[in-house]
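A closer look at the structure
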Amino acid sequence: MLIDTLFHPSKIFDELSKENAETMASITRFAILIPLLPPIFSWIGGNQLGWRLGGSEPVFFDTTGSIVFSLFYFIMLCIGFISTVAISKWMAKTYGAKSSLSLHLSIFTVICLPLVVASMAHLYPDVFFNVLILVPALVWSITLLYKGLPIALGISSDQGMLMASSLVGWLLVAAVSLLGICVSLWMNGAMVILGI
Amino acid sequence: MKEESQQFYHDEVVTRLVQFSLIWAIVAMFVGVYLSAELLWPELDFGQFWLSFGRLRPLHTNGIIFGFGVSALMATAFYTVQRTSHIPLFMPKLAWFCCYAWQIVVLLGGLSLLAGWTSTKEYAELEWPFDIAITILWVCFGVVFFGTIARRKIETIYISNWFFGGLIIVIAMLHIVNNLAIPVSIDKSYSLYAGAQDAVVQWWYGHNAVGFLLTGGFLGMMYYFLPKMSNQPIWSYRLSVVSFWAFTYSYIWAGPHHLHFNSIPEWVQSLAMVMSLILLAPSWASMINGIMTVSKSSVKLHNNPALKFIVLSLAFYGLATFEGPMMSIKSVNVVSHFTDWTVGHVHSGALGWNAMITYGVFYYLVPRLAGRELYSLRLANIHFWLALSGTILYILAMWAAGVSQGLLWMSIDELGQLNYTFNDIMASMKPYYGLRLIAGLVFLSGTILMSFNLFMTIKGKKTVKVKPPTIVKASEVAA
């Protein structure tokens, strides 16, 4: 199933459109991996190799700092994922799409999987390397969003396009909010000393 | 005497302005791409002053804002004001004068920037002879626009005209006040304001140029063309009017957020931050109005690149108008200020909102002006994906670069010494600048594709003649 979600997403979206409880259950069990794996990879990479933020030497966080960072990352991903599923379910009414929660949860699990796999790049925590790996994964996920949404939700490709664009708008706002929240917390004391 | 209602709309001037806008888009975006290459390989200036970053950068911004942006705004304002007033343009020869004289001013202004003439004020770099020329032309633009509205056959002034009207009035006010200066020679003048006052006036101008030109003017486009393309009335007309007045009132206060942590009073900075946060409400009201309008539409998107571009532009409009107020919060601004995050923010608006909505409008407008189908739907669809991927790649590269810069600049050791030198940090930015160069090339190639597509659509065709509809008053119908 995991292989199919990555390499044959159309097949999975077709299956999801039938709202088969078994199919949805087999996909949603991967949902927990979405907020869990990236912080784990990031924690391992940060501890073993240090983060390369662009400066000449890698930056190592102390033990507490790295745990706090990973935990915060996990919480943010949970909020981001759950809110996106909730917003998609809410938007479905506007676009005349199916609005079952488990269906939307399954769809976004499939859409996010390329990003989760690409988050393995955190094991080598160089910011540029991560951008290089995560950007194509992001393009893949966005493609899945535009292509998969109308199939799985049983709406026309036109309505799917509109709904996907609205969700892209939400995701961009969520991403920049995350950036703003992190920076704000950093400046208000929740910072880690960048030691060399 | 010929009845006005029997005359044709003056659309030839619209066609010409669209063509000029496309030319400026290619030129100014190419300069932008060249600049991003110079940041990677500074030797690309070949030791020539006129090719240096400092001279090319204002050429890029002025070319985009005044060449591409204003030409597109003039075109769409002239097109929409005729149709929403049911009357041809007032003083059409003056409209033609605006069209050609504006291009000459932008061209000569651009050359003057390369020659090193500059007032040093961002987005207002042009020296006093050009400032006077712009003032005269802007008044002419206003005469044509408001003259048409004054002679309208429809009682209501449609919402797009309020936004275009706001653009004309506010930009005139900002331009004149900010450029008050004492000339000392043909190529040099000194501002009437000094020190911190000069900075406050400059950013009152700078931010509201973004507000009333790049936001308000383009919202004028959105409010006319989105309902037309969706074949739907605007979702909530009342909301559009409320958002116009709230937008106009709150935008004008927000400029000093560009001067956080500078030598202006603390309360001015805080007031600007609060007003910037309030600004989110009217900005998003227009976005919601647009999205809800199009969501009710039954128009097919797969063969409608125009609508696809406009829908996507609304998503980026939502991002940019959220990100701006967020970056005005002082605890965020302390990191983002003077970093590439700001550059990313500007381009999420410029590429994602301004360029994409303009592209959508041009894809709608040009086939109608030419009276034939778009030359290639396939090219337009390729352009859509190039524009989307170029914009997202640009934003992500600049977010990563900006946050790294901000945090590394603020990183100090236990003795209070900087952990990283400025040179080290800038040297480490090369990969991000490489990504930005690729993003710029992708976006520019999409723009070139579109220009070719629209050129082939309009090639050999004269602008279609359209008559205003005949209005029959209700009292006459009853009689």
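Residues numbered from 1 in each chain as written. Chains lettered and ligands numbered in written order. Predicted model: local features only at pLDDT ≥ 70, side-chain atom pairs only at ≥ 80, totals over all residues.

In this section: the overall build of chain A. Along chain A, the regular secondary structure elements total 8 helices and 0 strands. Each helix and strand of chain A, ordered N terminal to C terminal, gives the series α-α-α-α-α-α-α-α. In terms of overall size, chain A behaves like a compact globule, its C-alpha atoms giving a radius of gyration of 18 Å where 196 residues would be expected to give roughly 16 Å. Structurally, chain A occupies a C-alpha span of about 55 × 35 × 25 Å along its principal axes. Burial statistics for chain A: of 196 residues in total, 38% are counted as buried. Long-range pairs, those at least 24 residues apart, make up 71% of the contacts in chain A between residues at least 6 apart in sequence. (Helix = DSSP H or I, 4+ residues; strand = E, 2+ residues; numbered from the N terminus. Rg over C-alpha atoms; globule rule 2.2 N^0.38 Å. Buried ≥ 20, exposed ≤ 12 C-beta atoms within 10 Å, placed from the backbone. Contact = placed C-beta atoms within 7 Å.)

What follows concerns the overall build of chain B. Looking only at helices and strands, chain B has 15 helices and 2 strands in total. For 479 residues, the compact-globule estimate of 2.2 N^0.38 gives 23 Å, and chain B sits close to it at 23 Å. When its C-alpha atoms are laid out on the principal axes, chain B stretches across 90 × 50 × 45 Å. The buried share of chain B, reckoned over its 479 residues, is 53%. Sequence separation of at least 24 residues holds for 84% of the intrachain contacts in chain B that already meet a minimum separation of 6.

All names here are of chain B. For strand 1 (residues 181–185), the tally of buried residues reaches only 0 of 5 residues, placing the bulk of the element at the surface. In this sheet, strand 2 (residues 188–191) lies alongside strand 1 in antiparallel orientation, the contact comprising 4 bridges. Across the sheet, the residue bridging to Ser185 is Lys188, located in strand 2. In this structure, the hairpin formed by strand 1 and strand 2 is closed by a connection of 2 residues. (Pairing = 2+ DSSP bridges.)

Another aspect to go through is the confidence of the model for chain B. Residues and elements named next belong to chain B. Counting all residues, the mean pLDDT for chain B is 93, and 97% of those residues have values of 70 or more. The least confident element of chain B, judged by mean pLDDT, is helix 15 (residues 474–478) at 58; the most confident is helix 4 (residues 128–150) at 98. Scored by ipTM, the complex comes to 0.79, with pTM at 0.90. (pLDDT = per-residue confidence, 0-100.)

The subject of this paragraph is the confidence of the model for chain A. Scored by pLDDT, chain A has a mean of 84; 92% of the residues are at 70 or more. Confidence scores differ between elements of chain A, with helix 1 (residues 2–7) of chain A showing the lowest mean pLDDT of 71 and helix 6 (residues 101–118) of chain A the highest of 91.

Let us look at the nonpolar core. All names here are of chain B. Counting 191 residues, the largest nonpolar core has Met74, Phe78, Ile310 and Ala397 as its most contacted members. Sort the elements by how many residues they give to this core and helix 6 (residues 195–230) lands first, with 20 residues. Not counting residues up to four positions away in its chain, the partners in contact with Ile310 are Met222, Phe225, Leu226, Met229, Ile357 and Gly360. (Core = buried A, V, L, I, M, F, W, Y, C linked by C-beta atoms within 7 Å.)

Further remarks concern the interface of chain A and chain B. Listed per partner, the contact involves 30 residues of chain A and 41 residues of chain B. Elements with a contribution of two residues or more to the side of chain A that touches chain B: helix 7 (127–153) and helix 8 (157–187) of chain A. Here the side of chain A that touches chain B is composed, by residue class, of 18 nonpolar, 11 polar and 1 charged. (Nonpolar A, V, L, I, M, F, W, Y, C, P; charged D, E, K, R; others polar.)

Bringing unusual backbone geometry into the picture now. All names here are of chain B. Even without a glycine there, the phi angle at His86 is positive, about 55 degrees. Here His86 lies in the loop between helix 2 (53–85) and helix 3 (92–114). For Phe261, which is not glycine, the phi torsion reads 65 degrees and is therefore positive. Looking at Phe261, the number of C-beta atoms within 10 Å reads 12, which means it is exposed.

Turning our eyes to something else, we now look at the packing of helix 5 (residues 159–178) of chain B against helix 6 of chain B. All names here are of chain B. At their nearest, the axes of helix 5 and helix 6 sit 8 Å apart, and the two run at 160 degrees to each other. By the angle between their directions, the pair helix 5 and helix 6 is classed as roughly antiparallel. Handedness of the helix 5/helix 6 crossing: left-handed. A class-by-class count of the residues in the contact of helix 5 with helix 6 yields 16 nonpolar, 8 polar and no charged. (Axes fitted to C-alpha atoms, helices over the stretch in contact; angles between N-to-C directions. Parallel < 35°, antiparallel > 145°, perpendicular 65-115°, else oblique. Left-handed = near helix turned anticlockwise from the far one by under 90°.)

Considering the arrangement of structural elements, one finds Ser26 of chain A in helix 3 (residues 21–28). Along the chain, Ser26 of chain A and Ser106 of chain A lie 80 residues apart, while their C-alpha atoms are 8.9 Å from each other.

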